[in-house]
Amino acid sequence: MPGFERLLPAPLLILEELAADLHWNWNHASDQLWRSLNTEVWEQTRNPVSVLQLTSGATLEQLASDPVFLTQLQQVVDARRYYLLDPGWYSRTYLNQPDKPNTGVRGIAYFSMEFGICDALPLYAGGLGILAGDYLKTASDLGLPLVGIGLLYQEGYFRQSMNRDGWQEETYLYNDPGSLPIRPLRDSDGRWLDIETGFLCRRVRFRIWVAQVGKVKLYLLDSNHPCNQPHDRGITSKLYGGGTELRLVQEIALGIGGWRLIETLGLDIDICHLNEGHAAFATLERIRSFSVENNTSFWESLWATRAGNLFTTHTPVAAGFDRYPTELLRRYAGESALAMGVTLDDILVLGRADPKNTNEPFNMAYLAMRTCAHSNGVSELHGRVSQRIFQPLFPRWPEREVPVSHVTNGVHMPTWDSPEADAIWTQAYGKERWRDDLQKMNPNALQQVTDQQLWHMAASGRARLVDYARQRFARQWRHEVLVETNLPPGSPNCEIPIELPLDPNILTLGFARRFAEYKRPDLLLHDPERLARILCNPKYPVQLIVAGKAHPADTIGKTKLQGWQRFLLRPEVAEHLLFIEDYDISLAQHLVQGVDVWINNPRRPWEASGTSGMKILVNGGLNLSTLDGWWAEAYKAEFGWALGDGEEHDPAQDSADAEQLYRLLENDIIPRFYARDAEDIPREWIEQMRSSMAQLTPRFSSNRMLQEYIEKHYLPAATAFQARVENHGQLAKTLNDWTRHLHRHWHEIHIGERSFTDAETGWRLEVNIYLGAITPDNITVEAIADNEGKQPAERISLTLTRAGIANTYHYSGLLPKARPAGDFSLRVIPAHPQVQVPIETTLICWQT
Ligand SMILES: *Cc1c(COP(=O)(O)O)cnc(C)c1O
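Every value quoted in this text rests on a predicted model; they were computed, and no experiment measured them.

A tally of regular secondary structure across the protein gives 27 helices and 30 strands. By the compact-globule yardstick of 29 Å for 848 residues, the protein fits well, its C-alpha radius of gyration being 29 Å. Reported as C-alpha extents along the three principal axes, the dimensions of the protein are approximately 100 × 65 × 55 Å. Counting only residues that meet the buried cut, the protein has 59% of its 848 residues in that class. Put simply, of all contacts in the protein between residues at least 6 apart along the chain, 72% involve residues at least 24 apart. Just so you have it, the protein exposes about 33,500 Å², and 51% of that area is on carbon and sulfur atoms. Taken together, the 83 basic and 104 acidic charged side chains of the protein have centroids lying 2 Å from each other.

Within the structure shown, the criterion is met by 63 salt bridges. Put simply, Asp-451 and Arg-690 hold a salt bridge, and the shortest N to O gap is 2.2 Å. Placement of the pair is Asp-451 in helix α19 (residues 451-485) and Arg-690 in helix α26 (residues 683-699), with a sequence separation of 239 residues. Exposure remark for Asp-451: the relative accessible area of 14% places this residue in the buried category. One salt-bridge network, held together by shared partners, links Arg-400, Glu-401, Glu-782, Asp-786, Arg-795 and Arg-827.

Glancing now at the domain arrangement of the protein. Looking at the assigned domains, one finds that the protein contains domain 1 (10-85), domain 2 (103-153 + 179-409 + 710-725), domain 3 (455-478 + 503-697) and domain 4 (749-846). Domain 1 and domain 2 are separated by 35 Å when their C-alpha centres are compared. For the domain 1 and domain 2 pair, buried surface summed over both sides reaches about 1,300 Å², with 61% attributable to carbon and sulfur atoms. By the criterion of area lost to domain 2, the three top residues of domain 1 are Leu-22, Trp-26 and Tyr-83, representing 42% of everything that side buries. Here domain 1 is connected to domain 2 by zero salt bridges. Along the contact surface separating domain 1 from domain 2 lie eight residue pairs in polar contact (both at pLDDT 80 or more). When residues of the side of domain 1 that touches domain 2 are traced back to their parent elements, those giving at least two are α1 (14-20), α4 (48-54) and α6 (67-85). Considered class by class, the residues forming the side of domain 1 that touches domain 2 number eight nonpolar, five polar and two charged.

The next point concerns the sheet that holds strand β30 (residues 845-846). With antiparallel pairing, the four strands of this open sheet are ordered in space as β26-β25-β29-β30. The sheet is open, and its two borders are formed by β26 (794-797) and β30, each paired with just one other strand.

Attention now goes to the site of the ligand. The environment of the ligand is made up of 13 residues, and the closest members are Lys-519, Ala-588, Thr-611, Ser-612 and Lys-615. Ser-612 is positioned such that a nitrogen or oxygen atom in its side chain is 2.7 Å from an oxygen atom of the ligand. In isolation the ligand offers 390 Å² of accessible surface; the protein chains occlude 95% of this area. Looking at the shell around the ligand, the elements that each hand over two or more residues are α8 (127-142) and α23 (612-615). Across the shell around the ligand, the residue classes tally to four nonpolar, five polar and four charged. No fewer than three residues from each of domain 2 (103-153 + 179-409 + 710-725) and domain 3 (455-478 + 503-697) sit in the shell around the ligand.

The pairing of strand β5 (residues 159-162) with strand β6 (residues 168-171) spans four bridges and is antiparallel. In the strand pairing of β6, Met-162 is matched with Gln-168. Linkage of β5 to β6, two consecutive antiparallel strands, is achieved through a turn of five residues, within which Gly-166 is found at a positive phi near 75 degrees.

Attention shifts here to the packing of helix α2 (residues 28-37) against α6. Across the interface, α2 lies against α6 with an axial gap of 10 Å and an inter-helix angle of 145 degrees. For the pair α2 and α6, the sense of crossing is left-handed. Listed contacts from α6 to Ala-29, Ser-30, Gln-32, Leu-33, Ser-36 and Leu-37 of α2 are Phe-69, Gln-72, Leu-73 and Val-76. Looking at the contact of α2 with α6, its residues break down into six nonpolar, four polar and no charged.

Attention shifts here to unusual backbone geometry. Working note: non-glycine residues mostly have negative phi, and peptide bonds are mostly trans. That bond from Arg-604 to Pro-605 is cis: its omega, 0 degrees, falls within 30 degrees of zero. Here Pro-605 lies in the loop between β20 (597-600) and α23. At the junction of Val-837 and Pro-838, the peptide bond is cis and its omega measures out at 5 degrees in the coordinates. Take Pro-838: it is sitting in the loop between β29 (825-830) and β30. Residues other than glycine seldom take positive phi values, yet Tyr-240 does so here, at roughly 50 degrees. For Tyr-240, the position within the fold is in the loop between α9 (230-233) and α10 (244-265).

For the rest of this paragraph, the subject is the nonpolar core. Counting 142 residues, the largest nonpolar core has Phe-111 and Tyr-714 as the members making the most contacts within it. Top element by residues in this core is α10. It accounts for nine residues. Ignoring any residue separated from it by four or fewer positions in sequence, one finds Tyr-714 in contact with Val-105, Ile-108, Tyr-135, Leu-144, Leu-146, Ile-271, His-273, Leu-310 and Tyr-709. Ranked by size, the runner-up nonpolar core spans 95 residues in total, among them Leu-577, Met-614, Leu-622 and Ala-658.

Quick notes on the rules
- All residue numbers here refer to positions counted from 1 along the written sequence of the relevant chain.
- Thresholds applied to this predicted model are a pLDDT of at least 70 for local features of residues and 80 or more for the giving and counting of side-chain atom pairs; totals over whole chains, interfaces and linings are not thresholded and use all residues.
- For the side-chain quantities, the full set of heavy atoms in the structure was used; hydrogens and water were omitted.
- Elements are defined by DSSP. Helices are runs of H or I of four residues or more, strands are runs of E of two residues or more, and each kind is numbered from the N terminus.
- The globule rule used for comparison is 2.2 Å times the number of residues to the exponent 0.38, while the radius of gyration itself is calculated over C-alpha atoms.
- Note on exposure labels: buried denotes an accessible area under 20% of the residue type's maximum, exposed denotes more than 50%, and partly exposed covers the range between, all computed with a 1.4 Å probe on protein chains only.
- Whether two residues are in contact is decided by their heavy atoms, any of which lying within 4.5 Å being enough.
- What sets the accessible areas is the Shrake-Rupley method with a 1.4 Å probe; for residues, cover comes only from the shown protein chains.
- When charges are counted, Lys and Arg are positive and Asp and Glu negative, with His and the chain ends excluded.
- Where a charge sits is defined by one atom per residue type, namely NZ (Lys), CZ (Arg), CG (Asp) or CD (Glu).
- Salt bridge, as applied in this entry: a Lys or Arg side-chain nitrogen positioned within 4 Å of an Asp or Glu carboxyl oxygen.
- Note that the domain bounds reflect an automated or database-derived domain assignment.
- Accessible area that two parts lose when put together, with a 1.4 Å probe and added across both, is what the buried area reports.
- Under this definition, polar contacts are N or O atom pairs within 3.5 Å; protein pairs additionally need one hydrogen-donor-capable and one acceptor-capable atom, and for neighbouring residues in sequence, both atoms have to be side-chain atoms.
- Residues are sorted three ways: Asp, Glu, Lys and Arg are charged, Ala, Val, Leu, Ile, Met, Phe, Trp, Tyr, Cys and Pro are nonpolar, and all the rest, Gly among them, are polar.
- Only when DSSP finds a minimum of two bridges between them are two strands counted as paired.
- The near set for a molecule or strand comprises every residue that places at least one heavy atom within 4 Å of it.
- Fitting a line to C-alpha atoms yields each axis, with helices limited to the stretch in contact; the angle taken between N-to-C directions then spans 0 to 180 degrees.
- Should the near helix be turned counterclockwise from the far one by less than a right angle, the crossing is left-handed, whereas a clockwise turn marks it as right-handed.
- For our purposes a nonpolar core is just a set of buried Ala, Val, Leu, Ile, Met, Phe, Trp, Tyr and Cys residues, chained together by side-chain atoms within 4.5 Å.

So this is what it looks like as structure tokens:
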């Protein structure tokens, strides 16, 4: 590892290995260990590599003979060894099972533009990255054969500070690879491995780094290769920081470069999982490499590989997708198209809703939809929203049949729980609870935990949050003082004592998220007088901690940040309100472990899922949130509070929503928190904590999420993929010929007049269908009744009753009498046991 030139005393050598495995990130004992090595550096950086580099040799020597430290070290080492040796829930459940032979997945490659694992590896901007980080950690816990593929940004996302006008300022810090917990990937020859891609007739090389996330490896591509031209070395400089062209180049690097890396390493991958459409070019490179290896055409290779590709969309509006002008793609992808044996136009068609509209920009999400046989949204509501968004790709198919399912997000509980919460969950469910089948968790087990214990857990989390928030506040405040007085840094006056705001014993609200407009980060400020009154009520005091970054180009978001800074200038709120700069994982961890109520008020349906509210569940926090994303499916009055009426509204509704927010706080939440019995315990509040903890935590943990991905997507996709690629893609070739035949003759299909007769048990429907050159075994005839959602949709397959003359076939079926026969429409769709309709072929013929 580059930063480890210093020689550690022999008993401490193992620390290098511990530092290089991000497993320390979700392990309270490791947290203690690094803190006892060097409290200051650990608190500031949360980076073991920095701790090892910045701790004095004398301290290291002393610890090397300190029996207490060595015992602590040994415990961490033993726990990690045990963790790594355990094959994990996945292999216990799916591999080598006598009743389920060959069901396993061989390997999953998880592609993401960002990964938020820990602040020591800052390669994330927000929720998408945090989800990806939680995904890798859970895959490690469950023993899933998964690798992550991402980019190493030299500067990552920006760091935030607020200037004296309350305006956000951005700083891009250099991610010095020498102090990041990553290692260069070397080949067997000891040489640093690199991967090449072509851009505009130039070859660009990417160095490869590996981050070890427990049992899982995250591979990171880095364009800062000494042999690249200076311009190209900056491709992976910033996350979401460049213009359209740089973004395209980054996505080519991630997708094409990422898949090449998999091929170069010879990883046995059957599932390619795209976390958002950014990495969709990976599916094209997968096609190319399959063609070369099996001597198949582009389209045959698409049929083969598509079965093993999964696309998870996170976007709630079509405008949120990455789209590129055709010209740009022509410049960057022309070469690749040639290498794949197709024309660029063939590729461009995959990124358009209407293949014939050459003015349409190239849409990465459309590319992903067309090259993945599985697609899903990230909550139940978002699944439905995505069906609407992707409907244009399925012309003449009803919206509810658009093939986007959903897997609701979850969070990695061991990353977000407090040490006290961890102890309580261990008492109720044992140590292995997040590494095993959640079905085994009995919701009643939390009844064993007393009210006092829960209340004590909440109080400890709150106290730690108050302490931490004060420290961060002091840091940002001193910085401000320095600017005002022009004191040189390091002068003694930097230690000016400050009045410490916050109180560890009062109701604590948290609001932290990206300052994007749809999240309505200023809704609480709708009536500033009223908010000030709520915070400063002497009988029922309340405190609020706010944090969040606006995208550097988002002036509206920055204005909303400024609104908070202005509000903060009111002297009466100073003790009850803190804005903490530079929202990051460490702050998020302290917040979710210490708040009593977490507020989230996005404009429905823009919060595809939202995950921050899930992180408080394990710690006993309660949610006050819009019925959007995950909360729309989780909410019950016994768990928390709902904003809005579960419908979509325009911004004119904001004042009504703000009114509801204040009213819930004033009339319900605050009085309930302060309704204490003789022992000073709020019994009703604690009952709510217990319900929310027991019922929601397992449901919104990433274990449940991963188990769902495995069952719903990975296993069926792996089976389908393995069948298609056998014998050099024999089945894929057959299916490719099969659809070609259908496409050529589909227009010949004609549905004749239907007739209904009243049979005792239903309506007997009969119809003649002319199929032309297509034979009946390749299609299904269906009667469909939807009736605009008033009654459940009904879908009935008709049976072939006899073959007529001249390719005309007679079909019949029995329709339920519960609705008028006229509700039903007739249609013909392709049918093949190994093809998914309509995601793999959108052909459909309705009775006109
Ligand atoms: C969890 C998290 C997010 C995402 O939260 P949302 O609920 O999507 O707003 C963003 N940033 C950080 C640092 C987080 O921990």
